[in-house]
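Residues per chain, in single letters:
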Amino acid sequence: MIQVNDLNKWFGDFHVLNSINLDVQKGERIVICGPSGSGKSTLIRCLNHLEAHQRGQIIIDGVELNEDVKNIEAIRREVGMVFQQFNLFPHLSVLENCLLAPIWVRKTPRREAIEMAMHYLERVRIPEQADKYPGQLSGGQQQRVAIARALCMQPKIMLFDEPTSALDPEMIKEVLDVMVELASSGMTMLCVTHEMGFAKTVADRVIFMDDGQIVEAAPPRDFFTRPEQPRTREFLEQIL
Ligand code: ADP
Ligand code: MG
């Protein structure tokens, strides 16, 4: 589903992604962790071209991500993204937030789009909030709306960038529960998160990044019990 070959990116002189190689199979669930500033957000932002890379190759579901606008649009339709800051449109209701992309990008008829939006709002367990505005919801509810909104585009891949980091502790679980459910439905997922409980239950592979590089990648059981790299061990000692 995702092939990343020798991906390199610079911000000016700063080498933010240093020869990243990553293959993700359909239905695979990857958790990415690592210290702040290691390039995690930049990596997943490159996967839907919110950031451009300078060297290497990204192929998503057979389409290469290059400067060809047609390819970028094709890939963005297949890749949903959920951010730390929920990025909902504050002047639109929950339902309208969910309708926007299906109607304007996918050209889904409004009635069908409403049906689908309600379906996903039910899946994230807040159908009763459909007519409210984001500002009237808790952080956990807003993040679940953001997940429903991404799902309304029926993506093949979902990218999460620290989706629970901005939440009060009591709201983290309701968002993680939705993500666990999504994972069990077979969605291909890449999640940047430091929720190691989530990584243990859901991830097929955990990737540790530091300094723009993938330092270690392993199934959770190996990753947490016998990390090979000293840098990984150090990181785990700090967060566990
Ligand atoms: P992480 O998500 O792992 O915390 P990021 O990918 O956000 O790391 O950032 C990696 C590094 O790149 C950081 O040092 C950050 O300051 C830098 N960086 C991120 N975005 C930009 C940008 N738009 N311009 C310049 N530097 C950036
Ligand atoms: Mg980040």
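Residues numbered from 1 in each chain as written. Chains lettered and ligands numbered in written order. Predicted model: local features only at pLDDT ≥ 70, side-chain atom pairs only at ≥ 80, totals over all residues. Heavy atoms only, no water.

Caption draft 1: Fine view of the packing of aromatic side chains. Inspection of every chain in the model, using the stated rule, returns two aromatic pairs. With centroids separated by 5.0 Å and ring planes inclined at 40°, the aromatic side chains of Phe-208 and Phe-235 adopt a geometry described as tilted. With Phe-208 in strand E9 (residues 205-210) and Phe-235 in helix H9 (residues 230-239), the pair connects residues that are 27 residues apart, well separated along the chain. Residue Phe-235 is classed as buried on the basis of its relative accessible area, which comes to 7%. (Phe/Tyr/Trp six-rings, centres within 6.5 Å; stacked < 30°, edge-to-face > 60°. Helix = DSSP H or I, 4+ residues; strand = E, 2+ residues; numbered from the N terminus. Buried < 20%, exposed > 50% of the residue type's maximum accessible area, 1.4 Å probe, protein only.)

Caption draft 2: Looking closely at the sheet that holds strand E2 (residues 14-24). Ordered by their spatial adjacency, four strands build an open sheet running E2-E1-E4-E5, and the pairing between neighbours is antiparallel. At either margin of the open sheet sits one strand with a lone partner, and together these are E2 and strand E5 (63-64). As judged from the five bridges shared by strand E1 (residues 2-11) and strand E4 (residues 55-60), these two strands associate in the antiparallel manner. Its bridge partner lying in E4, Val-4 is registered against Ile-58. Sheet strands in contact with helix H1 (residues 40-47) are E1, E2 and E4, and its direction is about 120° off that of E1. (Pairing = 2+ DSSP bridges. Contact = heavy atoms within 4.5 Å. Axes fitted to C-alpha atoms, helices over the stretch in contact; angles between N-to-C directions.)

Caption draft 3: Examining the pairing of E2 more closely. As judged from the seven bridges shared by E1 and E2, these two strands associate in the antiparallel manner. Looking at the pairing, Gln-3 lines up with Asp-23 of E2.

Caption draft 4: Region of interest: the environment of Arg-77. Looking at the element boundaries, Arg-77 is found in helix H2 (residues 69-78). Arg-77 sits 79 residues away from Lys-156 along the chain, and the two C-alpha atoms are 8.7 Å apart. When sequence neighbours within four positions are dropped, the list of residues in contact with Arg-77 reads Val-105, Arg-106, Met-153 and Pro-155.

Caption draft 5: Quick look at the pattern of salt bridges. Applying the stated criterion across every chain, the model contains 13 salt bridges. With a shortest N-O distance of 2.7 Å, Lys-156 and Asp-61 are connected by a salt bridge. With a gap of 95 residues between them, Lys-156 in the loop between helix H5 (139-151) and strand E7 (157-161) and Asp-61 in the loop between E4 and E5 connect regions that are remote in the sequence. Note that Lys-173 is salt-bridged to Asp-177, the shortest N-O span being 2.8 Å. Here Asp-177 and Lys-173 lie together in helix H6 (residues 169-184), a separation of four residues that amounts to about one turn. Three or more residues joined by partner-sharing salt bridges are found here, namely Lys-9, Arg-45 and Glu-51. (Salt bridge = Lys/Arg side-chain N within 4 Å of Asp/Glu carboxyl O.)

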